[in-house]
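# Commentary on secondary and tertiary structure
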Number of protein chains: 4
Amino acid sequence: MIRFECDYNTGAHPAILQRLLETNEEQTPGYGEDPYCESARKKIRALCQNETVDVHFLMGGTQTNLTVIAAVLRPWQGVLCADTGHINVHESGAIEATGHKVLPLPSRNGKISAGQVQAALEAHWKDENHEHTVQPGMVFLAYPTENGTLYSREELTALSDVCRRFHLPLYLDGARLGYGLAANGGDLSLADLTKLCDVFYIGGTKIGALFGEAVVISSDTLKPDFRYLMKQRGGMLAKGRLLGLQFDTLLEEDRYGTISRHAVRLARMIHDAFAQKGISFLYPSPTNQQFPILSKGQQAFLSRKYAFCPWEPVDENHDAVRFCTSWSTREEDVQALLADIAQMECP
Amino acid sequence: MIRFECDYNTGAHPAILQRLLETNEEQTPGYGEDPYCESARKKIRALCQNETVDVHFLMGGTQTNLTVIAAVLRPWQGVLCADTGHINVHESGAIEATGHKVLPLPSRNGKISAGQVQAALEAHWKDENHEHTVQPGMVFLAYPTENGTLYSREELTALSDVCRRFHLPLYLDGARLGYGLAANGGDLSLADLTKLCDVFYIGGTKIGALFGEAVVISSDTLKPDFRYLMKQRGGMLAKGRLLGLQFDTLLEEDRYGTISRHAVRLARMIHDAFAQKGISFLYPSPTNQQFPILSKGQQAFLSRKYAFCPWEPVDENHDAVRFCTSWSTREEDVQALLADIAQMECP
Amino acid sequence: MIRFECDYNTGAHPAILQRLLETNEEQTPGYGEDPYCESARKKIRALCQNETVDVHFLMGGTQTNLTVIAAVLRPWQGVLCADTGHINVHESGAIEATGHKVLPLPSRNGKISAGQVQAALEAHWKDENHEHTVQPGMVFLAYPTENGTLYSREELTALSDVCRRFHLPLYLDGARLGYGLAANGGDLSLADLTKLCDVFYIGGTKIGALFGEAVVISSDTLKPDFRYLMKQRGGMLAKGRLLGLQFDTLLEEDRYGTISRHAVRLARMIHDAFAQKGISFLYPSPTNQQFPILSKGQQAFLSRKYAFCPWEPVDENHDAVRFCTSWSTREEDVQALLADIAQMECP
Amino acid sequence: MIRFECDYNTGAHPAILQRLLETNEEQTPGYGEDPYCESARKKIRALCQNETVDVHFLMGGTQTNLTVIAAVLRPWQGVLCADTGHINVHESGAIEATGHKVLPLPSRNGKISAGQVQAALEAHWKDENHEHTVQPGMVFLAYPTENGTLYSREELTALSDVCRRFHLPLYLDGARLGYGLAANGGDLSLADLTKLCDVFYIGGTKIGALFGEAVVISSDTLKPDFRYLMKQRGGMLAKGRLLGLQFDTLLEEDRYGTISRHAVRLARMIHDAFAQKGISFLYPSPTNQQFPILSKGQQAFLSRKYAFCPWEPVDENHDAVRFCTSWSTREEDVQALLADIAQMECP
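Residues numbered from 1 in each chain as written. Chains lettered and ligands numbered in written order. Predicted model: local features only at pLDDT ≥ 70, side-chain atom pairs only at ≥ 80, totals over all residues. Heavy atoms only, no water.

Time to look at the overall build of chain A. The helix and strand tally for chain A stands at 14 helices and 13 strands. Its C-alpha radius of gyration of 21 Å places chain A within 12% of the 20 Å reference for a compact globule of 347 residues. Across its three principal directions, the C-alpha atoms of chain A cover 60 × 60 × 35 Å. With 347 residues in all, chain A has 67% of them scored as buried. Long-range pairs, those at least 24 residues apart, make up 74% of the contacts in chain A with a sequence separation of at least 6. Just so you have it, chain A exposes about 12,100 Å², and 50% of that area is on carbon and sulfur atoms. Here chain A carries 33 positive and 42 negative side-chain charges, and the mean point of each set is 2 Å from the other. (Helix = DSSP H or I, 4+ residues; strand = E, 2+ residues; numbered from the N terminus. Rg over C-alpha atoms; globule rule 2.2 N^0.38 Å. Buried < 20%, exposed > 50% of the residue type's maximum accessible area, 1.4 Å probe, protein only. Contact = heavy atoms within 4.5 Å. Areas by Shrake-Rupley, 256 points an atom, 1.4 Å probe, with all protein chains shown as cover. Lys, Arg positive; Asp, Glu negative; His and termini not counted. Charge placed at Lys NZ, Arg CZ, Asp CG, Glu CD.)

Once that is clear, we can look at the interface of chain B and chain A. In this assembly, 42 residues from chain B lie in contact with 42 residues from chain A. Each partner contributes to the roughly 3,800 Å² buried at the junction of chain B and chain A, and carbon and sulfur atoms together form 56% of this total. At the boundary of chain B and chain A, one finds 0 salt bridges. At the boundary of chain B and chain A, one finds 22 residue pairs in polar contact (both at pLDDT 80 or more). Split into classes, the residues belonging to the side of chain B that touches chain A amount to 20 nonpolar, 14 polar and 8 charged. (Buried area = accessible area lost by both parts, 1.4 Å probe. Salt bridge = Lys/Arg side-chain N within 4 Å of Asp/Glu carboxyl O. Polar contact = N/O pair within 3.5 Å; in protein donor to acceptor, adjacent residues only side chain to side chain. Nonpolar A, V, L, I, M, F, W, Y, C, P; charged D, E, K, R; others polar.)

This part covers the relation of the copies chain C and chain A. Related by rotation about an axis and a shift along that axis, the two copies of the chain form a pair. You can overlay chain C on chain A at an RMSD of 0.0 Å; the transform is a turn of 180° with a shift of 0.0 Å along its axis. Both copies are brought into coincidence by an operation consistent with a two-fold rotation axis. Here 100% of the interface residues in chain C have copies in chain A that are interface residues too; the copies meet face to matching face. (Least-squares fit on C-alpha atoms with pLDDT ≥ 70 in both.)

Taking 1.5 Å of rise per residue, the 13 residues of helix 6 (residues 114-126) of chain D would be expected to cover 18 Å, and the 18 Å separating its terminal C-alpha atoms lies within 8% of that figure. For helix 6 of chain D, the full list of buried residues reads D:Ala114, D:Val117, D:Ala120, D:Leu121 and D:His124. Mapping the buried residues of helix 6 of chain D onto a view down its axis gives an arc of 135°, with all of them on the same face. Where helix 6 of chain D is buried, its residues contact helix 10 (226-232) of chain A together with strand 3 (77-82), strand 4 (102-105), strand 5 (135-142) and helix 7 (153-165) of chain D. (Expected span 1.5 Å × (residues − 1). Arc of directions from axis to C-beta.)

Counting residues at the interface gives 16 residues for chain C and 16 residues for chain A. Summing the contributions of chain C and of chain A, the shared interface buries around 1,200 Å²; its carbon and sulfur component is 46%. A per-residue breakdown of the area chain C buries against chain A is headed by C:Ser92, C:Glu96 and C:Lys101, which together make up 42% of the total. Here C:Glu96 and A:Lys101 are joined by a salt bridge, their closest N and O atoms 2.7 Å apart. When the residues that make up the side of chain C that touches chain A are grouped by side-chain class, the tally is 4 nonpolar, 8 polar and 4 charged.

What follows concerns the relation of the copies chain B and chain A. Its rotation angle being 180°, the transformation that places chain B on chain A also includes 0.0 Å of axial translation and leaves an RMSD of 0.0 Å. Same-surface contact between copies: 100% of interface residues of chain B are shared with the interface of chain A.

Residue and element names in this part refer to chain B. Spatially, 2-8-7-6-5-3-4 is the arrangement adopted by the 7 strands of the open sheet, whose pairing is mixed. Each end of this open sheet is capped by a strand with a single partner; those strands are strand 2 (54-58) and strand 4 (102-105). Strand-to-strand, the axes of this sheet are offset by a mean angle of 25°, without reference to chain direction. Examined bridge by bridge, strand 2 and strand 8 (residues 213-217) share 5 bridges and lie antiparallel to one another. Bridge pairing in strand 8 links Leu58 to Glu213. Lying on the sheet, helix 2 (residues 35-48) is in contact with strand 2, strand 7 (199-203) and strand 8; it crosses strand 2 at an angle near 125°. (Pairing = 2+ DSSP bridges. Axes fitted to C-alpha atoms, helices over the stretch in contact; angles between N-to-C directions.)

Residue and element names in this part refer to chain A. Closest axis-to-axis distance for the helix 1 (residues 14-23)/helix 11 (residues 241-250) pair is 9 Å, and the angle between their directions is 135°. Between helix 1 and helix 11, the angle falls in the class oblique. Note on packing geometry: the crossing formed by helix 1 with helix 11 is right-handed. Residue-level contacts link Ala15, Ile16, Arg19, Leu20 and Thr23 of helix 1 to Arg241, Leu242, Leu245, Gln246, Asp248, Thr249 and Leu250 of helix 11. Looking at the contact of helix 1 with helix 11, its residues break down into 6 nonpolar, 3 polar and 3 charged. (Parallel < 35°, antiparallel > 145°, perpendicular 65-115°, else oblique. Left-handed = near helix turned anticlockwise from the far one by under 90°.)

Residue and element names in this part refer to chain A. With 14 residues, helix 2 (residues 35-48) should reach 20 Å at 1.5 Å per residue; the first-to-last C-alpha distance of 20 Å fits that figure. Every buried residue of helix 2 is listed here: Tyr36, Cys37, Ala40, Arg41, Ile44, Arg45 and Cys48. On its buried side, helix 2 packs onto helix 1, strand 2 (54-58), helix 9 (190-196), strand 7 (199-203), strand 8 (213-217) and helix 11. At the N-terminal boundary of helix 2, the capping side chain belongs to Asp34, with an oxygen 2.9 Å from the backbone nitrogen of Tyr36. Immediately downstream of helix 2, the backbone of Gln49 shows phi near 50°, a positive value.

This part covers the sheet that holds strand 7 (residues 199-203) of chain C. All names here are of chain C. With mixed pairing, the 7 strands of this open sheet are ordered in space as 2-8-7-6-5-3-4. Where the open sheet ends on each side, the last strands, each with one partner, are strand 2 (54-58) and strand 4 (102-105). Neighbouring strand axes in the sheet, compared pairwise and without regard to direction, differ in orientation by 25° on average. Note that strand 5 (residues 135-142) and strand 6 (residues 170-173) share 4 bridges and pair parallel. Its bridge partner being in strand 6, Val139 is matched across the sheet by Leu170. Helix 6 (residues 153-165) contacts strand 5 and strand 6 of the sheet and is inclined by roughly 145° relative to strand 6.

This paragraph deals with the packing of aromatic side chains. All names here are of chain B. Scanning the entire structure with this criterion turns up 42 aromatic pairs over all chains. Seen in terms of ring centroids, Tyr283 and Phe291 are 5.0 Å apart; in terms of plane orientation they differ by 80°. Their pairing is edge-to-face. The pair formed by Tyr283 and Phe291 is uniform in burial state, with each residue classed as buried. Seen from their ring centres, Phe308 and Phe323 are 4.8 Å apart, and the 20° between their planes marks the pair as stacked. Linking Phe308 in the loop between strand 11 (306-307) and strand 12 (309-315) with Phe323 in strand 13 (residues 318-324), this pair joins segments that are 15 residues apart in sequence. Both residues of the pair, Phe308 and Phe323, count as buried. It is Lys111 that lies over the ring of Tyr151; its NZ or CZ is 5.5 Å from the centre. (Phe/Tyr/Trp six-rings, centres within 6.5 Å; stacked < 30°, edge-to-face > 60°. Lys NZ or Arg CZ within 6 Å of the ring centre and 35° of its normal.)

Given below as structure tokens:
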């Protein structure tokens with residue numbers, strides 16, 4: 001079985017393992033205060049073109065989302081996001097468990113617009129009884145979205161503008177950030193995100209690390225005391241070196257970019273193979289996730305050799321499914337898939 | 001500088017890194033449902049002599065404590081523990097953040113007794129206004145305690161008996177469990193803990209793993225739905241294989257026992273060296289943490305070459321300090337320390 | 001200005017005030033353990049035709065909802081309800097503040113169906129990754145709904161059946177319960193609710209009391225320890241007598257029924273007056289809330305003398321508005337309104 | 001049986017009931033936005049000699065404490081208080097249920113000192129690992145304390161100074177505030193409290209109201225959005241007029257002061273009667289609660305005619321007990337008690 005069902009089914013970039021081996025016996029201080037974390041922070045600040053951002057390392061996406069959101073919001077506030085947002089649908093109520101309502105907005109290809117956010121805020125504040133409803137206190141976006149799509153610089157700038165006009169922190173979940181930065185047509189850089197967002201994270205788990213996410217806080221008001229909350233929510237890794245070392249390794253010699261581009265290129269090949277057969281897609285994704293709409297027969301045909309992910313029914317005979325590539329996907333596996341797609345029956 | 005200040009300042013047992021290397025490209029399902037986790041579970045069930053316990057893997061101690069305690073308690077309940085308990089003093093209010101009061105009892109050498117627990121429960125239930133106070137809903141113990149000491153089988157049996165009489169789950173934090181199992185005079189086995197406790201964890205972070213704790217649930221009422229809470233609290237590692245593989249490796253060929261005994265033996269050597277100089281100890285610890293009471297001068301003398309941990313002032317001129325050994329402590333480093341202790345001035 | 005905008009804008013039934021005066025100097029135990037509470041409990045048990053239900057008194061609807069829901073759910077569970085449900089839209093995130101997600105279902109006239117609940121439960125349990133989503137742990141209904149509509153006995157029985165098949169407690173918010181019991185076409189009694197629900201409340205604030213809601217728990221598993229949570233959430237009134245006395249007074253001589261029927265009769269008169277003019281309604285409400293769809297001009301005309309509540313825009317020139325009657329609405333005020341409706345211009 | 005066991009066992013000052021009767025049919029806006037609330041706010045601002053304080057009305061003490069504390073603290077902060085503080089011992093974990101640890105300090109006669117607070121803050125901030133412990137985020141005091149004692153102006157000023165130096169809001173629980181203001185030797189006024197505290201409340205439930213507490217917020221940073229939290233925590237009374245009317249009535253013609261002085265005068269008489277018999281007291285209380293230490297025989301003798309409250313054992317044959325007077329205590333009942341105390345056997 002060749003597996004395309006997710007982007008976290010293998011280990012880490014070999015350079016990371018190599019370095020874990022080399023440093024295994026070094027004695028370092030715990031909890032993120034070691035030289036590896038410091039070195040990784042330095043690299044991130046350089047990439048963000050901002051020497052004053054705070055950088056913290058956490059272990060996974062849900063943990064990062066719940067810690068950041070709990071740090072940002074006051075008790076009567078909620079977080080605006082796409083109805084397809086990970087925090088709304090796939091984190092077992094992690095945000096609500098911190099006491100806050102997720103305020104979903106209807107999404108289009110996984111995205112929400114500045115106009116929607118503005119309308120939601122205006123509706124809240126002009127409601128005479130707004131104190132009887134949850135006050136929107138921040139905006140959550142994913143980049144790429146859970147549907148593989150991207151906000152353009154124009155779209156993100158508009159969202160950022162609305163947020164600033166209403167004094168709402170803007171938070172961007174970058175679980176697959178590398179794949180977004182590497183995508184054709186993506187026009188946003190880390191430096192842009194640093195400017196446009198108040199806090200975001202650079203995903204490691206899905207892009208070359210064993211685990212780990214790097215939180216970048218550019219808003220001065222959100223910086224103080226974040227480490228208390230990391231500890232309180234169980235996210236302060238004792239051997240913090242492991243996180244610093246991984247990001248330090250991924251961010252040297254442009255490894256993060258290189259492996260992200262690799263995944264995106266392979267995903268594009270899969271996309272094109274399907275498209276050539278006249279297959280349509282649920283979302284127009286330029287990143288490492290592709291959502292072709294296949295007939296039951298086509299699914300059966302491909303599933304003999306390939307694992308992929310059921311996504312959602314489209315009509316009685318067709319479902320959207322998900323194929324993911326990742327930094328570790330092998331070109332030969334994709335070539336095999338392309339050959340089989342070419343063989344696939346299309347009415 | 002030779003470091004004895006904590007037991008989590010290096011990487012992992014070489015066998016773990018070796019196996020991470022070997023398996024790095026394997027594609028496995030995520031979230032703890034891979035063959036490595038399954039194999040580790042099997043080994044743990046065998047060691048616990050109980051084929052029906054549930055075993056889950058989490059990443060660190062605070063995360064484990066908050067997840068287990070939130071799973072056990074109802075909203076109006078709190079957790080009884082020693083006032084020196086980690087959950088009471090060193091987890092940044094992690095338990096309270098889940099909505100529950102920590103109910104500290106005065107401790108002796110880090111321990112509480114069955115009599116204290118019984119008295120607390122009787123006091124609660126005979127109080128006419130008990131509904132105005134927090135209902136004790138479980139008991140938390142650490143083994144070894146935060147002070148390095150151990151409950152005897154008799155003490156733990158008495159505690160377990162009280163808990164069962166009052167229908168209170170008993171939870172044991174085993175962050176340093178191996179060092180307790182390996183200690184001279186310790187008379188409890190994993191099978192005993194499985195019988196006497198309702199849930200406990202086998203610590204990996206401080207005993208040979210990069211990170212990781214294995215939760216063992218023997219109480220049938222606590223088993224259902226635990227994975228929801230792991231996900232919700234950010235503790236369900238995407239690449240769950242990493243946790244399974246580590247425990248699988250530690251628990252094969254008695255590695256966990258071997259490296260624990262190593263640490264305890266070295267700690268004993270340090271203890272004896274201090275004792276021979278007439279130094280007394282804050283707690284009578286038979287495990288990997290030692291708490292000698294040193295004069296300012298002695299501290300200054302030793303701190304030129306060795307890192308150790310300030311603990312608490314004893315009198316104007318003396319403080320208790322902490323020396324830790326671990327699975328990775330080198331015998332030659334201990335020998336160097338012993339030589340210097342022998343040189344240390346004692347009035 | 002004659003006010004029809006809500007049903008809680010006056011004080012209490014005169015019999016309540018009279019009795020407060022008579023008993024003002026009596027010394028009674030606090031916290032709901034006085035003879036007045038006991039007498040009210042007895043009356044409620046008789047009306048519910050169930051001598052074993054637990055009855056508790058709380059002060060308001062949001063407080064009741066959050067206390068009951070926090071008592072029922074485990075930390076990884078959420079509450080299914082209509083998207084128009086009060087807990088979803090008008091309680092400032094009170095449920096999320098207890099750590100639980102509200103799981104809204106699309107509603108029709110404020111109602112959800114047994115089929116919808118069943119489908120939601122089946123979808124959850126057949127999802128391979130259900131542990132990554134919030135587990136539905138109870139169902140919340142309002143009777144009457146926030147839109148003034150009623151579940152029929154058949155509908156509620158079907159909902160109750162689904163809940164029992166899936167072991168989900170069913171909770172019914174009866175903030176306006178009297179108006180539902182008094183409505184034409186309503187075919188449910190307190191005894192029915194006691195049988196079909198696991199817990200519900202009899203609203204006092206909107207039906208003759210100064211404040212107060214009576215929680216009726218019929219499920220044995222939900223009975224223990226509820227008073228702890230009342231105290232913890234700030235809902236255990238020191239002078240509990242005030243709540244018992246009010247319900248005791250409302251439930252003697254069928255006062256609760258009489259004043260509810262009064263409100264429903266007046267609401268029907270308003271309904272018919274609008275209908276006679278060809279006005280249509282947003283929801284088919286047989287209870288004390290009416291939602292006529294009026295043109296801007298009609299609204300302007302009526303608002304010169306009457307206060308009513310904006311509800312939602314229907315088209316550019318029309319909005320649904322809300323007229324409420326209550327136990328204290330005066331017939332002469334309704335007659336005045338009827339006369340003006342008759343004068344109202346209709347194109 | 002004549003009852004001295006608590007100060008909330010009767011109804012309300014007759015002037016309040018009278019006014020409830022007179023206004024019962026008035027139609028007013030809900031949720032604290034009516035003219036009665038406005039009038040009460042005006043009176044409170046005048047008494048506080050501060051026209052800019054925010055004033056909100058809540059229903060009871062636990063509700064007030066949990067709402068204020070949840071509004072003040074950030075998620076990683078806790079509240080410093082006396083170990084005898086109501087929030088630490090008698091509110092069923094209400095504060096922890098909002099996610100925050102109560103940080104108790106050893107008390108003397110129910111009081112803590114500026115020195116203790118300063119020491120706790122210094123200890124926190126100089127701890128290298130302070131991020132692993134709960135950050136003190138505010139200070140909670142009661143005035144009078146739960147033991148009936150008072151902070152002097154000097155003591156409260158010192159506490160306020162420490163709090164301001166460390167940027168910690170100071171919150172004062174005034175459940176029995178009137179009895180403190182009325183006490184002999186008390187040297188603090190409402191205007192003083194407004195200046196020295198950031199937020200405090202004026203208790204109504206125990207001083208002449210059916211129920212109700214008036215929160216006074218003088219700190220500008222704590223003012224915004226408080227009403228959201230009132231609603232979310234179930235504390236926004238629908239018929240808010242009831243709260244405004246009660247405080248408006250209590251604060252006109254100095255009723256609050258008059259009835260408080262009455263209670264304090266009677267308590268003093270009880271105190272002196274005991275003292276004259278050589279009885280000693282657990283705490284030196286100048287307010288409406290008295291804590292004489294009585295032998296078992298004396299308790300038996302008095303309990304034939306009088307209800308009082310067991311407090312705590314002192315030695316094998318003696319217990320401290322509590323006698324409370326209140327605004328509604330009748331002088332003739334106290335005279336009866338005095339006569340019996342005079343008859344009481346004293347060895």
